[in-house]
Structure formats: C-alpha cells, structure tokens
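Below are the chains, spelled out letter by letter.
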Amino acid sequence: MSQDEREWGMEEKQAYFPIRILSTKTGVNSVTLRAWERRYGLLKPKRTEKGHRLYSEEDVTRVDAIVRWINQGVAVSKVRALLDQNENIENVIPADEWLEWQAALVHMSLHFEEDKIEHLYQQIFSQYPPLVAIQNWILPSLKQLGVSVHGRFCEAVLTRSLTNRLSSLKNQHTAAPILLITGLSGQQTLWCYMTSAILSDHGYSCRVLPNMSSDQDWQDLIKGINPAGVVAFCESELASRSAELMASLAEWGKPISLIGASFWLAVNSRKMTSFKQVSVHSEALEGVAAILDKAVLIK
C-alpha cells in the first residue's frame, strides 16, 4: 500500500486517486495538470493531510473537456470561463495567441536567440499537451522558416529541449510499456523527439534512436529492446525494399507504424495490405495516432 493510500484510507481510495492516475486516464502530463491548476484555476483537487492532490472521475471529465476546447484553438486562459458558462464549442472564435507565438519563434530563430526559444518552449509545453503545441506552434513556425539556416537552428534548439524533456520523464515511466522511435541517418531527429513527447504524455516509456544507418539496425534494436511497439521514419531509399521490409517486420507480431511519403507510395502502389500489425503512413501525426490506437491494447 502506498503512502497516499494509507493517508486517505480504503474508502476514500475507491473514489479518489493521485495525479499520476489522472495523467494516465487523460493523456495530459502531471506538469501541465499542475500548471492548469495553479495559473488558471481549471482544476480544484482535494488534498490529503500532507498536501497530496486527490482527483475523481469528475476531474477526468473536466480535463477531457479542457483538452477539447484547446484542440479547437481556444487559449487555455479562456477555457475556465467557457466551462463555467457551459458554452458551445461552435460559438467560440479560436484564439490568435498561436499566431503570436509562431511569429515570436520565427523572429527568435531569425536572430539566433537560443535562450528565448528555450524559454518560450518551456512556457508553451507547460500549458499545453505536446500534440497541441506541435500542431499549433512548432510545425507552422518551421513551415514559415523553410529550408534555411534559421530553420535548422530552430530545429536544433527544439530538439535539445525535447531531448531534455524525455530524460526528465525517464524515472516516471519505469514500469510503463516501452515504445521504440527510430529513423535513418538522423534526417527525422526532431520528428523522433516530437513523437516521444506525444507518446510519453500517454504513459509510455520511449526509447529514441534516430540515427540508425540501415533497416537491419531497426530489426536488431527490436530484438534487443523488445518494445511494445515501434514508430520508424522511413527515408526514400527504403521505398525500393518496401515489400521485404514489411514482411520482415510483420513476423515480429507487434504494432509498428512506418512513416514516410515515398515509402507509403511504394507500399500502396504494390497494394501490400495484408500485414495487420504494420501500418504505413505518409503523414507523421497520422502514424503516431495509429500506434496509440494499437498500443493501448498492451497497456
């Protein structure tokens, strides 16, 4: 029995649970949940005598509602009023703060302002789930920067921040199912770490190895780590070997998402649809969603 369980007793334990359980149930990390409570009053947990937060199924429903509003583009600072008023999503105009944050990131990247980018990253990722921050902030900003030294600089700073984030979560997910995230030649390093941020928020322990030199390396990794699932970013050179690779990975028998536009085209042109545990996607976020749908069965 844990310390929290001893504190609130068996009867209370049936109705209330700690923040780590709320995080698991909702897919929102504990840091963000605490920020929503402290900064915006979105949550009002009960407390044990020693000050530990306790939540109920009502809080799960409320967090789910908060996430729905945020996914509609509403600023987290506006959500409390909308929830209190029982406002309809269809009647609300999305916030423009994402446009402001995009402009700020572009400006900082153009002027190589590393510290300011890191500070803005911390601000946004403490308030929003990674998927929301990636969709509304990182990806649009990088699109504006394009293929340039400023874009590469921005990617490098964000990659380092996401790497540090993954390291800080390592001790929290010691008993969680392992998901392997990999790619070839480091060309998708940022995407590997953005993927880890999304999957970590859903309670998985992520192993990120973005610099594999061949698909054989992936297979060696799978055998060595034995993860519950794999996300692999496939570069264009693998398209010609798609049939062989798909058949080899299918033998493993666990969920795999392969992501890459040229690889997806090769697979679909050959109509290779018989590998149920291996899915192929042209878009990265689609592939991440697919592994979540499959991996939830093994948690």
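Computed from a prediction, not measured in an experiment: that's the story for all the values here.

Visitor: Explain the overall build of the protein here, please?
Guide: The helix and strand tally for the protein stands at 14 helices and seven strands. By the burial criterion, 50% of the 299 residues in the protein qualify as buried. Taking as baseline every contact in the protein between residues at least 6 positions apart, the subset at least 24 positions apart corresponds to 67%. About 15000 Å² of surface is accessible on the protein, with carbon and sulfur atoms providing 49% of the total.

Visitor: In this structure, what is going on with the environment of Val106? I would like to understand it.
Guide: Tracing the sequence through the fold places Val106 in helix α6 (residues 97-110). Looking at Val106, the relative accessible area reads 13%, which means it is buried. Along the primary structure Val106 and Ser141 are separated by 35 residues, whereas in three dimensions their C-alpha atoms are 6.1 Å apart.

Visitor: Would you explain the nonpolar core in this entry?
Guide: What tends to happen in soluble globular proteins is that the nonpolar side chains get buried as a cluster. Core analysis: the biggest nonpolar cluster contains 68 residues, and Trp36, Tyr128, Trp137, Leu158 and Leu199 have the highest contact counts within it. Those residues within four positions of Tyr128 in sequence are excluded, and the remaining contacts are Thr32, Ile70, Val74, Ala75, Val76, Glu97, Trp98 and Trp101. The next biggest cluster of nonpolar side chains, apart from the first, holds 19 residues, and it includes Leu180, Leu184, Val230 and Leu258.

Visitor: Which parts of the structure should I look at to understand the packing of α6 against helix α9 (residues 149-169)?
Guide: When two helices pack together, their arrangement is captured by the angle between the axes and the distance separating the axes. For the pair α6 and α9, interaxial distance at closest approach is 8 Å and the crossing angle is 110°. In terms of axis orientation, α6 runs roughly perpendicular to α9. Taking contact as the criterion, the partners of Leu105, Ser109 and Leu110 in α6 are, on α9, His150, Phe153, Cys154 and Leu158. Of the residues that constitute the contact of α6 with α9, the class distribution is five nonpolar, two polar and no charged.

Visitor: Sorry if this is basic, but what is going on with the packing of aromatic side chains here?
Guide: The geometry of two aromatic rings is summed up by the distance between their centres and the angle between their planes. Going through the model one piece at a time under the given rule, you end up with six aromatic pairs. Ring centres of Trp98 and Trp101 lie 5.2 Å apart, and the angle between their planes is 80°; on these two criteria the pair is classed as edge-to-face. Of this pair, Trp98 and Trp101 both sit in helix α6, separated by three residues, roughly a single helical turn. Note on accessibility: Trp98 and Trp101 belong to one class, buried. Note on Trp98 and Tyr128: the rings are 4.7 Å apart at their centroids and 55° apart in plane angle, and the pair reads as tilted. One end of the pair, Trp98, is in helix α6; the other, Tyr128, is in the loop between α7 (114-127) and α8 (130-145), with 30 residues separating them in the sequence. Both residues of the pair, Trp98 and Tyr128, belong to the buried class.

Visitor: When you look at the pattern of salt bridges in this model, what are you seeing that I'm missing?
Guide: Scanning the entire structure with this criterion turns up eight salt bridges. Between Glu113 and Lys116 there is a salt bridge; the shortest N-O distance is 3.6 Å. Looking at Glu113, the relative accessible area reads 21%, which means it is partly exposed. Its salt-bridge partner being Arg165, residue Asp201 comes within 2.9 Å of it at the nearest N-O pair. Of this pair, Asp201 sits in the loop between α10 (189-200) and β4 (205-212) while Arg165 sits in helix α9; the two residues are 36 residues apart in sequence, bridging distant segments of the chain. Pair check on accessibility: Asp201 and Arg165 agree, each one buried. Within the structure, one salt-bridge network assembled from shared partners comprises Glu37, Arg47 and Arg53.

Visitor: In this structure, what is going on with the sheet that holds strand β3 (residues 178-184)? I would like to understand it.
Guide: The strands that make up a sheet are held in pairs by hydrogen bonds between backbone atoms, and each pair lies either parallel or antiparallel. What the five strands build is an open sheet, ordered β4-β3-β5-β6-β7; its pairing is parallel. Because the sheet does not close on itself, it has two edges, and the strands there are β4 and β7 (278-281). Averaged over all neighbouring strand pairs, the angle between strand axes comes to 15°, with direction disregarded. Where β3 lies against β4, six bridges are found, and the strand directions are parallel. Looking across to β4, one finds that Thr182 is bridged to Leu209. Together, β3, β4 and β5 (229-233) form the strand contacts of α10, whose direction differs from that of β4 by roughly 170°.

Visitor: Mind showing me how you'd approach helix α4 (residues 57-71) here?
Guide: Residues spaced three or four apart along an α-helix point in a common direction, a consequence of the helix completing one turn every 3.6 residues. The terminal C-alpha atoms of α4 lie 21 Å apart, and with 15 residues this matches the ideal 21 Å at 1.5 Å per residue to within 8%. By the burial criterion, the buried members of α4 are Asp59, Val60, Val63, Ala65, Ile66, Val67, Trp69 and Ile70. Positive backbone phi, at 90°, marks Gly73, one or two positions downstream of α4.

Visitor: Is there a simple way to think about unusual backbone geometry in this case?
Guide: In terms of backbone geometry, most residues other than glycine have negative phi values and most peptide bonds are trans. Even without a glycine there, the phi angle at Phe112 is positive, about 55°. By the secondary structure assignment, Phe112 is in the loop between α6 and α7. On the basis of relative accessibility, which here comes to 42%, the residue Phe112 falls in the partly exposed class.

What counts, and where the lines are drawn
Residues numbered from 1 in each chain as written. Predicted model: local features only at pLDDT ≥ 70, side-chain atom pairs only at ≥ 80, totals over all residues. Heavy atoms only, no water. Helix = DSSP H or I, 4+ residues; strand = E, 2+ residues; numbered from the N terminus. Buried < 20%, exposed > 50% of the residue type's maximum accessible area, 1.4 Å probe, protein only. Contact = heavy atoms within 4.5 Å. Areas by Shrake-Rupley, 256 points an atom, 1.4 Å probe, with all protein chains shown as cover. Core = buried A, V, L, I, M, F, W, Y, C linked by side-chain atoms within 4.5 Å. Axes fitted to C-alpha atoms, helices over the stretch in contact; angles between N-to-C directions. Parallel < 35°, antiparallel > 145°, perpendicular 65-115°, else oblique. Nonpolar A, V, L, I, M, F, W, Y, C, P; charged D, E, K, R; others polar. Phe/Tyr/Trp six-rings, centres within 6.5 Å; stacked < 30°, edge-to-face > 60°. Salt bridge = Lys/Arg side-chain N within 4 Å of Asp/Glu carboxyl O. Pairing = 2+ DSSP bridges. Expected span 1.5 Å × (residues − 1).

Just distances and angles here, no functional claims.
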